[in-house]
Amino acid sequence: MAESMRGLKRSHRCTEVSTSNIGEKVTVMGWVQRRRNLGSLIFIDLRDRSGLLQIVFDETRVGTDGFAKAGTLRSEFVIAVEGTIQKRTAAVNENLKTGDIEVIAESLRILSESDTPPFPIEENSQTKDDLRLKYRYLDLRRPDMQRNLILRSKVAYLMREFMYKEGFIEVETPMLTKSTPEGARDYLVPSRVHPGSFYALPQSPQLFKQLLMCSGYDRYFQITRCFRDEDLRADRQPEFTQADMELSFVDEDDVIDVNERLLAYIFKEAIGVELTIPFPRMPWQEAMDRFGSDKPDTRFGMELTDVSAVVKDCDFSVFTSALENGGSVRGICVPGKGDLGRKQIDKLVDLAKTYGAKGLAYVQLKTDGTVKSSFSKFFTEEGMQKLIDAMGAKEGDLLLFAADKNKVVWDVLGAMRLHMAKEMDLLDPDQYNFLWVTEFPLLEWSEEENRYKAMHHPFTMPMEEDWDKVDTEPGAVRARAYDIVLNGTELGGGSIRIHQDDIQEKMFEVLGFTQEQAWNQFGFLLGAFQYGVPPHAGLAYGLDRMVMHMVHADSIRDVIAFPKVKDASCLMTNAPDTVDSKQLEELGLAVIAKEGV
């Protein structure tokens, strides 16, 4: 039966005691990690969020009843112990912070009993994710999960501290906002008092932070929740935390400078990593041409090589037809993998197809000096050697080629170099390669909607030297946009904003908005722009992604307390779920079943 805490006050967390406390009387509370009964002595490993502390129950000190009670303890019982710190009488445990001391118990209270947990509460759990997430409240007791969330809390604190010192003002923006047509799908919230109308949960505070610049707040900052109804992956959740900022009277260099100093401060103070600033910068086009990605991982080589000019006169129709259709032929050189077997090559071909390729051409420079290629019969010996030389390959290397439209080629080879780097164990988690990717395209063509869409958002400033192409070559106009990338992950992105009426009106026109549509969707912002708007710019980080890299987690689920799974559901609460019909009636809603659902 559970007992009361009455009369007891915790004096220390488990690892807040040390050899300096020897001889002191303490009161500690926590969960039983494990019990070892040696007959005359019972040892308990007590766990709280700070770590483990060994408790020793000796019948001569704790009494007969207390000793008997200690014998009933099981894993995850919650207990309170009064006792005295002493130096360990048995072997010192150098793996524990408190491995050289123990508490000799003088009293024990069982505050709560526990059923047998469905999985062990231990570091580096091998339990399947679905079971961990179903019992997330137990999973969160694991020391590595607790360290992750404690570090996340520290990162948020450090951000606030730095931003305050830099003159930023923290302002909360609304959670219930107006739905806008650009970007990912909104999560909609029906209004009871406005039947048939809906709020949208914010995908970001973008419009509100621009309004704050119009309101003269100069430097705004917020750590806020954002929501996007999109397909999930390892570094994406339907609700996530964004560290958001906006600054007035600045250019790209100003925004980049403050953010480099912010990151250097956080990484040093949170995990003891010294970052070298300034970070390198790379235009979007260069990133795509060299790495096949606008968020390149620069911890290893295997960069893409454009061999279009080398193969343009060959007899291999896969290459030549790609070039005739305006595409390219590019390859990567995988060092030391020239002797891969056929089954392994076939797996690479299958992987390439998942990224839109029709296939994957290859050349193996085997260590026995022979050359094996999937297209050798279409090349002369001289032509093959020119191709090998163009790739900078040597004996023992593997060459992989993609031929298609540039986007497909980039996607395939960008994914292939990452796959091979993982296979070859080239990704050092303790190496932090930051990179600014700049000069993104302002617009991207949507096949689905048959129109141009803003690559970032409709308020991104174009580069002045490209603006004259907006009517003739919209896809060639570059944006004054910048992303901060870490080890192949986009940590955040931002841009210089449009603050001139004529450019903003033209931007909406290019995106297919009539003036009426633009004012209907964004009238509150456009109206504010008529009353004096300063030049402004901003950036937003995915806080979850940043912490994920800092703790070397494979998924952002391991740095979020209560995450969703791939289908955006919560296994612990069973959300989303049906609601009472009365609630639907109050909202004027009816649920219509879809066929096959």
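Each remark here, short or long, concerns the structure printed above.
About the criteria used
- Residues numbered from 1 in each chain as written.
- Predicted model: local features only at pLDDT ≥ 70, side-chain atom pairs only at ≥ 80, totals over all residues.
- Heavy atoms only, no water.
- Helix = DSSP H or I, 4+ residues; strand = E, 2+ residues; numbered from the N terminus.
- Buried < 20%, exposed > 50% of the residue type's maximum accessible area, 1.4 Å probe, protein only.
- Contact = heavy atoms within 4.5 Å.
- Areas by Shrake-Rupley, 256 points an atom, 1.4 Å probe, with all protein chains shown as cover.
- Lys, Arg positive; Asp, Glu negative; His and termini not counted.
- Charge placed at Lys NZ, Arg CZ, Asp CG, Glu CD.
- Disulfide = S-S within 2.5 Å.
- Axes fitted to C-alpha atoms, helices over the stretch in contact; angles between N-to-C directions.
- Parallel < 35°, antiparallel > 145°, perpendicular 65-115°, else oblique.
- Left-handed = near helix turned anticlockwise from the far one by under 90°.
- Nonpolar A, V, L, I, M, F, W, Y, C, P; charged D, E, K, R; others polar.
- Salt bridge = Lys/Arg side-chain N within 4 Å of Asp/Glu carboxyl O.
- Phe/Tyr/Trp six-rings, centres within 6.5 Å; stacked < 30°, edge-to-face > 60°.
- Polar contact = N/O pair within 3.5 Å; in protein donor to acceptor, adjacent residues only side chain to side chain.
- Pairing = 2+ DSSP bridges.
- Patch = residues over 30% accessible without salt bridge, like charges linked within 9 Å, V, L, I, M, F, W, Y side chains within 5 Å.

The next thing to look at is the overall build of the protein. For the protein, the count of helices and strands is 16 helices and 22 strands. When burial is assessed residue by residue, the protein has 48% of its 597 residues classed as buried. Within the protein, residue pairs in contact and separated by at least 24 positions form 67% of the contacts whose partners lie at least 6 positions apart. As displayed, the protein has an accessible area near 30,200 Å², and 48% of this comes from carbon and sulfur atoms. Here the protein contributes 73 positively and 95 negatively charged side chains, and the mean placements of these two sets differ by 6 Å.

What the rule picks out here adds up to zero disulfides. Distance from the sulfur of C314, which forms no disulfide, to the nearest cysteine sulfur (C333) is 19 Å. For C314, a relative accessible area of 15% puts it in the buried group.

For the rest of this paragraph, the subject is the packing of helix α4 (residues 143–165) against helix α15 (residues 543–550). Where α4 contacts α15, the axes come no closer than 10 Å and their chain directions differ by 120 degrees. When the interaxial angle is binned, α4 and α15 end up oblique. Handedness of the α4/α15 crossing: right-handed. Residues N148, L151, R152, V155 and M159 of α4 pack against L543, D544, M546, V547 and M550 of α15. Class assignment for the residues of the contact of α4 with α15 results in seven nonpolar, one polar and two charged.

Any two side chains of opposite charge can pair if their charged atoms end up close together. One pass over the structure, following the stated rule, counts 48 salt bridges. R557 is the salt-bridge partner of D129, the closest N and O atoms lying 3.1 Å from each other. Taken together, the residues D129 in helix α2 (residues 129–134) and R557 in the loop between α15 and α16 (581–587) connect sequence positions 428 residues apart. With a closest N to O distance of 2.5 Å, D544 and R152 form a salt bridge. One end of the pair, D544, is in helix α15; the other, R152, is in helix α4, with 392 residues separating them in the sequence.

Tallied over the entire structure, the rule returns 22 aromatic pairs. Both rings, one in F316 and one in F375, keep their centres 5.3 Å apart while their planes meet at 15 degrees; by these two values the pair is stacked. Here F316 is found in the loop between α8 (308–311) and α9 (317–324), whereas its partner F375 is found in the loop between β15 (371–373) and α11 (381–390), with 59 residues between them in sequence. By the burial criterion, F316 is buried, and F375 matches it. Ring centres 6.1 Å apart and planes at 85 degrees place the aromatic pair F459 and F508 in the edge-to-face group. Here the residue F459 occupies a position in the loop between β19 (451–454) and β20 (481–486), and F508 occupies one in helix α13 (residues 501–510), the gap between them amounting to 49 residues. Through pairs of rings, three or more aromatic residues link up here, namely F316, F319, F375, F378, F379 and F401.

Position of D471 relative to the elements: it lies in the loop between β19 and β20. A residue is classified by how much of its surface remains accessible, and D471, at 55% relative accessible area, is exposed. Separated by 35 residues in the primary sequence, D471 and K506 place their C-alpha atoms 9.6 Å from one another. A polar atom in the side chain of D471 sits 2.7 Å from the side chain of K506.

Right, let's get into the sheet that holds strand β9 (residues 219–227). As a general point, the strands of a sheet are linked pairwise by backbone hydrogen bonds and lie either parallel or antiparallel. Here we have eight strands laid out as an open sheet, ordered β6-β9-β10-β22-β21-β20-β17-β11, and mixed in their pairing. Single-partner strands in this sheet number two, and they are β6 (169–170) and β11 (281–283). Pairing geometry for β11 and strand β17 (residues 434–438), over three bridges, is parallel. Opposite R281, over in β17, you have W436 as the bridge partner. Contacts between helix α5 (residues 206–214) and the sheet are confined to β9, β10 (239–248) and β22 (536–542), with β10 contributing the most and set at about 25 degrees to the helix.

Within the closed barrel, the five strands sit side by side as β1-β2-β3-β5-β4. Their pairing is mixed. Looking at each pair of strands side by side, their axes are set apart by 55 degrees on average, direction ignored. Here 10 bridges tie strand β4 (residues 78–87) to strand β5 (residues 101–112), and the two strands are oriented antiparallel to one another. What sits directly across from V81, in β5, is L108. Packed on one face of the sheet, helix α1 (residues 59–70) meets β1 (25–37), β2 (41–48), β3 (51–58), β4 and β5 and runs near 35 degrees to β5.

Moving on: a nonpolar patch on the surface. A contiguous nonpolar surface patch, about 240 Å² in accessible area, is contributed by M175, L176 and Y199. Among the residues examined, L176 registers a relative accessible area of 44% and is labelled partly exposed.

Running from amino to carboxyl end, α4 crosses helix α6 (residues 252–271) at an angle of 140 degrees, the nearest separation of the two axes being 10 Å. On the basis of their axis angle, the class for α4 and α6 is oblique. α4 and α6 meet at a crossing whose hand is right-handed. Taking contact as the criterion, the partners of L151, K154, V155, L158, M159, E161, F162 and M163 in α4 are, on α6, V258, R261, L262, Y265, I266, E269, A270 and I271.

That is the geometry; function is a separate question.
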